[in-house]
Amino acid sequence: MPDFAWMAWTWQTALFFAVIAGLLALMTALAVWRPETEQVGILRIPTTRGDRLFLTLVGAAFINLAWLGLVGPSLEWALALSLVYGAAMFRFA
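Going by what an unreviewed UniProt entry lists, the protein is known as Small integral membrane protein and is assigned to Methylobacterium frigidaeris.

Below is the structure:
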């Protein structure tokens, strides 16, 4: 059994990776249950659900990093902004 003590896992870190794994499993199930079709939205490029998930995760990372740098360590509003951004990406992108 490998020693993972150096990783300093917290419940927040485990939750983050569990959510990402759950999203990937959900996207896989959706791709099997309802095959994807490319959509052209506000970005003017054809995107699939997986593309929009990737863009949402990258955008949320940038939103949170910018919030940390400009506002401070209280990330509740950054999370809300990231959720709104994610909903907009899946609706309009």
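S.K.: Before we go on, may I ask you to explain helix 2 (residues 49-70) in this structure?
M.R.: Residues separated by three or four positions in an α-helix point in the same direction, a consequence of the helix having 3.6 residues per turn. With 22 residues, helix 2 extends 31 Å between its outermost C-alpha atoms, agreeing within 8% with the 32 Å of an ideal straight helix rising 1.5 Å per residue. Every buried residue of helix 2 is accounted for by R49, R52, L53, T56, G59, A60 and I63. Looking straight down helix 2, one finds its buried side chains confined to an arc of 135 degrees; they lie on one side. What points out from helix 2, more than 90 degrees from its buried face, is the exposed set F54, F62, L65 and G69. G72, located one to two residues past helix 2, shows a positive phi value of around 140 degrees.

S.K.: Which parts of the structure should I look at to understand the UniProt feature "transmembrane region" (unreviewed entry) in the protein?
M.R.: The sites that carry the UniProt feature "transmembrane region" (unreviewed entry) are, in the present numbering, residues 6-33 and 53-71. For the annotated span residues 6-33, helix accounts for 82% and strand for 0% of the residues, and the straight-line distance between the end C-alpha atoms is 40 Å. With 95% helix and 0% strand, the stretch residues 53-71 has end C-alpha atoms that lie 26 Å from each other.

S.K.: Teacher, can you tell me more about unusual backbone geometry here?
M.R.: Most of the time, phi is negative for any residue but glycine, and the peptide bond is trans. We note that R44 has phi near 65 degrees; this positive angle belongs to a residue other than glycine. Tracing the chain through its elements places R44 in the loop between strand 1 (39-40) and strand 2 (46-47). What makes R44 exposed here is its relative accessible area of 66%.

S.K.: Explain the environment of L81 to me, please; I cannot follow it from the model alone.
M.R.: Within the secondary structure, L81 is located in helix 3 (residues 76-92). Through-space distance from the C-alpha of L81 to that of L26 is 23 Å; in sequence the pair is 55 residues apart.

S.K.: Just checking my understanding: could you explain the packing of aromatic side chains for this structure?
M.R.: By convention here, two paired aromatic rings are described through the distance between centres and the angle between planes. Scanning the model with the defined rule gives 1 aromatic pair in all. Ring centres 5.2 Å apart and planes at 80 degrees place the aromatic pair F16 and F17 in the edge-to-face group. We classify F16 as partly exposed; its relative accessible area is 49%.

Criteria and cut-off values
- Residues numbered from 1 in each chain as written.
- Predicted model: local features only at pLDDT ≥ 70, side-chain atom pairs only at ≥ 80, totals over all residues.
- Heavy atoms only, no water.
- Helix = DSSP H or I, 4+ residues; strand = E, 2+ residues; numbered from the N terminus.
- Expected span 1.5 Å × (residues − 1).
- Buried < 20%, exposed > 50% of the residue type's maximum accessible area, 1.4 Å probe, protein only.
- Arc of directions from axis to C-beta.
- UniProt positions renumbered as here; feature names shortened; annotations may be inferred.
- Phe/Tyr/Trp six-rings, centres within 6.5 Å; stacked < 30°, edge-to-face > 60°.

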